[in-house]
Amino acid sequence: MLPTPRTSGASQAARFGTTQWSVVLQAERGAEDALLKLCQLYWRPLYAFVRRRGHSVHDAQDLTQSFFAHVLEHDALANVAPSKGRFRSFLLVSLKHYLDNEWHRANAQKRGGGQVILSWDDLRPAERDALEPRDDSTPEKVFNRRWALMLLERAMQQLETECVAARKGELFQRLKPHLTANNASAPYQQLAPELGLSEGALKVTIHRLRRRFGELVRQQIAKTVAREEDIDDEIRQLFAALA
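Think of each chain on its own: its residues are numbered from 1, step by step along the sequence as written. The predicted origin of the model limits local features to residues at a pLDDT of at least 70 and limits the giving and counting of side-chain atom pairs to 80 or more, whereas totals for whole chains, interfaces and linings rest on all residues. Side-chain metrics rest on all non-hydrogen atoms present in the structure, leaving aside hydrogens and water.

**Observations concerning the environment of S198**
In this text, helices come from DSSP runs of H or I with a minimum length of four residues, and strands from runs of E with a minimum of two, each type numbered from the N-terminal end. Looking at where S198 falls in the secondary structure, it is placed in the loop between α9 (188–195) and α10 (199–222). Remark: exposure states derive from per-residue accessible area (1.4 Å probe, protein chains only) relative to the maximum for the residue type, with buried under 20%, exposed over 50%, and partly exposed in between. The partly exposed category is assigned to S198, whose relative accessible area is 44%. For the pair S198 and Y188, spaced 10 residues apart in sequence, the C-alpha to C-alpha distance is 8.9 Å. Only 3.0 Å separates the side chain of S198 from the backbone nitrogen of A201, close enough to count as a polar contact. The definition of a polar contact used here is a pair of N or O atoms within 3.5 Å, where within protein one atom must be able to donate a hydrogen and the other to accept one, and adjacent residues in sequence count solely through side-chain atom pairs.

Written out as structure tokens, the structure reads:
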């Protein structure tokens, strides 16, 4: 189970001063780097939604990419603001409208003047396969699940970066499978000698890594909301999406 630690008011204020909403507003002002960052953050959940709507792999790639180009061309980000709700909700509603408008256009043209926003070829086959629908979930559930997995992945990557910087990268790789809720119980007696640790020291290490992982998940969620009081609700939605 992921912890939800609190931080001081000063540090919370500092973090909310540079939230993802700042990136959104930069993109709205025409900063292409900011828009590219948003595309990289959200293309997987949006692509999964399009696939669940019944589009082929190729069409889903084209539609997702052209949607981002559509957002850029039509200044769609001018309609978003922290006070109007979650950014991912805005994206999902906008994508639905876009798909509805494109549905009847048999010869829809690529938008964006040929500019490539995302490179689908950069994905390895295994990564593409991981994005494909696996069950009968609704498109909205698939989107929310991909969003939740994206947040967890980014938090885990940050934790790995911190461990590598502390020269504990190898230890992190050995303990990574035991840091999530699905692997809550680690084989302490077997693993501790392999790592040159006592069983007690191993338990403490795993506990600290889990706690730090929870902090990083909370930080990732904080980047997606405008107010601190929205974080706990987002965490509940994250768990619901993964259920």
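**Describing the environment of L191**
With respect to the element layout, L191 can be found in helix α9. Looking at L191, the relative accessible area reads 6%, which means it is buried. Sequence separation between L191 and L202 is 11 residues, and the spatial gap between their C-alpha atoms is 8.2 Å. Every residue in contact with L191, bar those within four places of it in the chain, is listed here: R174, L175, H178 and L202. Pairs of residues are marked as contacts when any of their non-hydrogen atoms sit within 4.5 Å.

**Points about the packing of aromatic side chains**
A pair of aromatic rings is counted whenever rings of Phe, Tyr or Trp (Trp by its six-membered ring) have centres within 6.5 Å, and the orientation is called stacked for planes under 30 degrees apart, edge-to-face for over 60 and tilted otherwise. Scanning the model with the defined rule gives two aromatic pairs in all. Taken together, a centroid distance of 5.8 Å and an interplanar angle of 55° make the contact between F67 and F68 tilted. Joined through ring pairs, the aromatic side chains of F67, F68 and Y98 make up one cluster. As a reminder, the over-ring test applies to NZ of lysine and CZ of arginine, requiring each to be within 6 Å of the ring centre and within 35 degrees of the ring normal. Its end group placed over the ring of Y188, K203 keeps NZ or CZ at 5.3 Å from the ring centre.

**Comments concerning the packing of α10 against helix α11 (residues 231–242)**
Where α10 meets α11, the axes come as close as 10 Å, and the angle between the chain directions of the two elements is 110°. With respect to α11, the element α10 is oriented roughly perpendicular. Along its contact with α10, which presents V217, R218, I221 and A222, the element α11 presents I231, D232, E234, I235 and L238. Class assignment of the residues belonging to the contact of α10 with α11 gives a composition of six nonpolar, no polar and three charged. Note on definitions: angles span 0 to 180 degrees between N-to-C directions of axes, and those axes are lines fitted to C-alpha atoms, for helices only across the stretch in contact. The scheme is simple: roughly parallel for angles under 35 degrees, roughly antiparallel for over 145, roughly perpendicular for 65 to 115, oblique for anything else. The residue classification treats Ala, Val, Leu, Ile, Met, Phe, Trp, Tyr, Cys and Pro as nonpolar and Asp, Glu, Lys and Arg as charged. All others, Gly included, are polar.

**Points about the pattern of salt bridges**
Salt bridges are identified by distance alone: a Lys or Arg side-chain nitrogen within 4 Å of an Asp or Glu carboxyl oxygen. Counting across every chain of the model gives nine salt bridges. In this structure, R212 engages E162 in a salt bridge whose closest nitrogen and oxygen atoms are separated by 2.7 Å. A residue pair is termed long-range when its members are at least 10 positions apart, and R212 in helix α10 and E162 in helix α7 (residues 139–165) qualify at 50 residues. With its nearest N and O atoms 3.8 Å apart, the salt bridge here joins D233 to R236. Taken together, the residues D233 and R236, both in helix α11 and three residues apart, mark about one turn of the helix. For D233, a relative accessible area of 26% puts it in the partly exposed group. Taking the relative accessible area as the measure of exposure, R236 reaches 55% and is therefore exposed.

**Brief notes about α11**
Take the residue count of a helix, subtract one, and multiply by 1.5 Å to get its expected span. Between its first and last C-alpha atoms α11 spans 17 Å; for 12 residues at 1.5 Å apiece the expected length is 16 Å, and the two agree. When we look at burial in α11, the residues that qualify are I231, E234, I235, L238 and A241. Projection of α11 onto a plane perpendicular to its axis shows the buried side chains occupying an angular sector of 125°, all on one side. Along α11, the residues that are exposed and aim more than 90 degrees away from the buried face are R236 and A240. By arc we mean the arc of the directions from the helix axis to the C-beta atoms, nothing more.

**Some remarks on the nonpolar core**
We define the nonpolar core as a collection of buried residues of types Ala, Val, Leu, Ile, Met, Phe, Trp, Tyr and Cys that are connected through side-chain atoms lying within 4.5 Å of one another. Grouped together as the largest cluster of nonpolar side chains are 49 residues, with contacts concentrated most on Y42, L46, L159 and L238. Sorting the residues of this core by element identifies α3 (32–52), α4 (57–73), α5 (87–103), α7, α8 (169–175), α9, α10 and α11 as the ones contributing at least two each. Among the elements that take part in this core, α7 stands out by supplying 10 residues, more than any other. Those residues in contact with L238 that lie beyond four places of it in its chain are W147, A148, L151, L152, V217 and I221.

**So, the packing of α7 against α10**
In contact at an axis separation of 9 Å, α7 and α10 are set at 130° when each is read in the N-to-C sense. Taken together, the axis directions place α7 and α10 in an arrangement best described as oblique. In this structure, α7 meets α10 at a crossing whose hand is right-handed. Together, L151, L152, R154, A155, M156, Q158, L159, E162 and C163 of α7 and L209, R212, F213, L216, V217, Q219, Q220 and I221 of α10 make up the contact between the two elements. Of the residues belonging to the contact of α7 with α10, the class tally is 11 nonpolar, three polar and three charged. A clockwise turn of the near helix away from the far one marks a right-handed crossing, whereas an anticlockwise turn of less than a right angle marks a left-handed crossing.

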